[in-house]
Amino acid sequence: MIKCIVGLKGSGKTKQLIQMVNDTVHSEQGSVICIEKDPKLTYDINHHCRLIDTVGYSISGFEGFYGFICGLYAQNYDISAIFIDSLYKITGSSDAEAVKGFFEKLDKFSEKTGISFTVTISADASDVPDIVKLYL
């Protein structure tokens, strides 16, 4: 399952994500992971959630980020939920075709593993690729 939270900067996406992460930590039996570009959520996220700052990993593009997610799962099969804050910032791209390919792979990965994904995207809802609109 994939859920997207889309809105322009300052629309409350991150605040909504923080609430969802903290609620999920209390309700899920598996590991909960939150991936962000910069370490800004350190004091907002419940300490039982694994918070990952991607700056130190030199992630480049959607293919690199998808590989990173697969690596997380390969290391820990108990992951039940992954939250991604600011997808375009992490990947450094908003290319519509790359976004489409990423979400197609992520959807298959979610079905195969049972991991639920929640992704925030800083953009106007009318400007995101059609595949993202399926997950709003």
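**Notes on the packing of helix α2 (residues 61-75) against helix α4 (residues 96-113)**
Moving on, step 1. For the pair α2 and α4, the least separation of the axes is 10 Å and the interaxial angle reads 15°. Considered as vectors, α2 and α4 are oriented roughly parallel to each other. Our pair here, α2 against α4, has a crossing hand that is right-handed. Contact residues: α2 offers Phe62, Glu63, Phe65, Tyr66, Ile69, Cys70 and Tyr73, while α4 offers Ala98, Val99, Phe102, Lys105, Leu106, Phe109 and Thr113.
Moving on, step 2. The residue makeup of the contact of α2 with α4, split by class, is 11 nonpolar, one polar and two charged.

**Looking at the sheet that holds strand β3 (residues 50-53)**
In a beta sheet, neighbouring strands are held together by backbone hydrogen bonds and run either parallel or antiparallel to one another.
Moving on, step 1. Read from one edge of the open sheet, five strands run β1-β5-β4-β2-β3, paired in parallel fashion. The open sheet has two edge strands with one neighbour each: β1 (2-7) and β3. On average, adjacent strands in this sheet sit at an angle of 15° to one another, irrespective of strand direction.
Moving on, step 2. Sheet topology places strand β4 (residues 79-84) next to strand β5 (residues 116-122); four bridges connect them, and they run parallel. Bridging across to β5, Ala81 finds its partner in Ser116.
Moving on, step 3. Against the sheet, helix α1 (residues 13-27) touches β1, β2 (31-36), β4 and β5, its axis set at about 155° to β1.
Moving on, step 4. Along the sheet, α4 makes contact with β1 and β5, crossing β5 at roughly 160°.

**Some details on unusual backbone geometry**
Moving on, step 1. Even without glycine at this site, Ser58 takes up a positive phi of about 50°.
Moving on, step 2. For Ser58, the position within the fold is in the loop between β3 and α2.
Moving on, step 3. Unlike most non-glycine residues, Ser86 shows phi in positive territory, near 70°.
Moving on, step 4. Turning to its location among the elements, Ser86 is positioned in the loop between β4 and α3 (87-91).

**Looking at the packing of aromatic side chains**
Moving on, step 1. Tallying each qualifying case throughout the model produces 10 aromatic pairs.
Moving on, step 2. Measuring from ring centre to ring centre gives 5.5 Å for Phe62 and Phe102, while their planes differ by 50°; the resulting arrangement is tilted. You can see Phe62 sitting in helix α2 and its partner Phe102 sitting in helix α4, a full 40 residues away along the chain. The pair formed by Phe62 and Phe102 is uniform in burial state, with each residue classed as buried.
Moving on, step 3. Taken together, a centroid distance of 6.0 Å and an interplanar angle of 80° make the contact between Tyr66 and Phe109 edge-to-face. Here Tyr66 is found in helix α2, whereas its partner Phe109 is found in helix α4, with 43 residues between them in sequence. Here the two residues Tyr66 and Phe109 agree in accessibility, since each one is buried.
Moving on, step 4. Connected via pairs of aromatic rings, a cluster forms that spans Tyr57, Phe62, Phe65, Phe68, Phe102, Phe103 and Tyr135.

About the cut-offs
Residues numbered from 1 in each chain as written. Predicted model: local features only at pLDDT ≥ 70, side-chain atom pairs only at ≥ 80, totals over all residues. Heavy atoms only, no water. Axes fitted to C-alpha atoms, helices over the stretch in contact; angles between N-to-C directions. Helix = DSSP H or I, 4+ residues; strand = E, 2+ residues; numbered from the N terminus. Parallel < 35°, antiparallel > 145°, perpendicular 65-115°, else oblique. Left-handed = near helix turned anticlockwise from the far one by under 90°. Contact = heavy atoms within 4.5 Å. Nonpolar A, V, L, I, M, F, W, Y, C, P; charged D, E, K, R; others polar. Pairing = 2+ DSSP bridges. Phe/Tyr/Trp six-rings, centres within 6.5 Å; stacked < 30°, edge-to-face > 60°. Buried < 20%, exposed > 50% of the residue type's maximum accessible area, 1.4 Å probe, protein only.

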